[in-house]
Amino acid sequence: MEKIISFAQTIVGASHLSKDIVCQDSSLSEDHESYSFAAAADGHGSPCYLRTERGSRFAVECAAECVAEFLDSVGNAAEVLADERQREELFNQLWRSIIARWHDKTEQDFKNEPFTEEEYSRIPEKFASYIKRYESGEYIGAYGTTLLFAVVTEDYAFGAQIGDGKCVVIDGDSNVCAPIPDDPRCYENVTTSMCQDDAALSARFFYLPKGLMPAAVFLCTDGVENSYWNEEQLFGFFRGLALTIVENGLEDGVTQLAEFLPAMTKKGSGDDVTCSGIINMPKLGACSDGIREDLEAAAAAAMAEEAVPENIEYADEESQQVISDVENEELKIENEE
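Being a predicted model, the structure only gives us computed values, none of them experimental.

Participant: Run through helix α9 (residues 250-267), naming residues and quoting values.
Facilitator: Over its 18 residues, α9 runs 25 Å from end to end, which matches the ideal 26 Å to within 8%, given 1.5 Å per residue. Along its length, α9 shows its largest kink, about 30°, at Phe260, and proline Pro262 lies within four residues downstream of that point. Of the residues making up α9, those classed as buried are Leu250, Gly253, Val254, Leu257, Leu261, Met264 and Thr265. Packing partners of the buried residues in α9 comprise β1 (4-11), α1 (14-18), α7 (222-225), α8 (231-248), β11 (273-280) and α10 (281-286).

Now the structure itself:
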C-alpha cells in the first residue's frame, strides 16, 4: 500500500516547557502491507495523575497491537464490516480488548515500579485524597489518558475515540468533516478517560466503506484543537497541512508540520500538541485544487495574526485537564475557584 502512508508528530507544550513539565501527549503511526494506522493520546494535565504520560504511551501502543490482531482475526473484513450489526459488535470487541490490554500494561508498570515518595510529593496538599486513593490500590487513575486512532485499508477505513481531541477527514471531493461525534461529557477542561470504570462503553467510532474512502484522515489532541477559535478554523489548519503534503511530499510536509507545532502551542493553547494521520497520496493530490479553493474561501474566517508576547504566561492551574467521573469533580471545582 505504497500510496497510503501514515505519520505522527508530538511536540511538548509551551506552558509545559516554561514550567518544566513532561510532555503528556503520545502518538504512533505504522504502515503495514494491508493497512496503515495512526493514533494520538493525551494524558491528563493535573499533577494528581502521576503517570499520565506513561498512560498515553501505553494507549497508542495497545491500540496498534490490538488493531493488528483484530485485522488478522477478521476474514473477509470488508464484507463483514459492511454489515452494521456485525460491525458494531466487532468494534466493541476491539475496543474492549484495547481497554483490557491498557489495564494490563498499567498494572504491570505499577507492579514493577510502585509510586515513589517523590511522585506523591507532586500532588498538591489540597488533593491529598489522591494519595490515599492510590495507596489503597486505586492507582489506575494515575495513568489516565484519552485515545484517538484510525485505520485505513484499500477497502475501508475506521477509527475510535475516547475523550477529547478531534478526527478530521478530507474526502475525495475535498469536503472536510469530523466523522466522530462529540462526547457531551467532554467540555472545557473535563474529559472522559481510559482509566474510568465505564471506559469499555465510552468509545465513539467512525466507519467509511470503499465508496467513501478518505483522501486524508487527521487526528489531533485538544492542544491543537484549542489553538483555534472554532471547528472551521481547525479545518483550515488541516486543509493547509494537506496542501503542504501534496506540494512537498509527505516527508517534507511532516517536517514543516514539526517546525510549525511549537509556534502553534506558543501562540495557541500552550498545551502539548499532537497531530497524526493517514494520507492517500494519489487521492489527496487529485482533490488538491478543491482543497485550495475551500481554503481561500475560508481565509476571512481564519484566526487573526496577532503578535504574541515572549513572556506569555499560561493559567495551568485553571486549565488542567481532569476526567469526568464523580470522584474527580472536586478537582474541577477547586480549579474553578
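Participant: I'd like a description of the nonpolar core, backed by residues and values.
Facilitator: The biggest cluster of nonpolar side chains holds 55 residues, and the ones touching the most others in it are Ile98, Tyr134, Leu147, Phe149 and Phe158. Element by element, the count of residues in this core is highest for helix α2 (residues 52-73), at 10 residues. In this structure, Ala216, Phe235, Cys275 and Ile279 belong to the second largest nonpolar core, which totals 30 residues.

Participant: Account for the pairing of strand β5 (residues 157-162), with residues named and values stated.
Facilitator: Of all the six residues making up β5, six are buried; the element is thus mostly covered by neighbouring parts of the structure. Side chains of β5 alternate between two faces, with Ala157, Gly159 and Gln161 and Phe158, Ala160 and Ile162 buried alike. Where strand β4 (residues 147-152) lies against β5, six bridges are found, and the strand directions are antiparallel. Residue pairing for β5: Val151 is matched across the bridge by Phe158. Connecting the antiparallel pair β4 and β5 is a turn made up of four residues.

Rules used in this analysis
Residues numbered from 1 in each chain as written. Predicted model: local features only at pLDDT ≥ 70, side-chain atom pairs only at ≥ 80, totals over all residues. Heavy atoms only, no water. Helix = DSSP H or I, 4+ residues; strand = E, 2+ residues; numbered from the N terminus. Expected span 1.5 Å × (residues − 1). Bend = angle between axes of the 7 residues up to and from the residue. Buried < 20%, exposed > 50% of the residue type's maximum accessible area, 1.4 Å probe, protein only. Contact = heavy atoms within 4.5 Å. Core = buried A, V, L, I, M, F, W, Y, C linked by side-chain atoms within 4.5 Å. Pairing = 2+ DSSP bridges.

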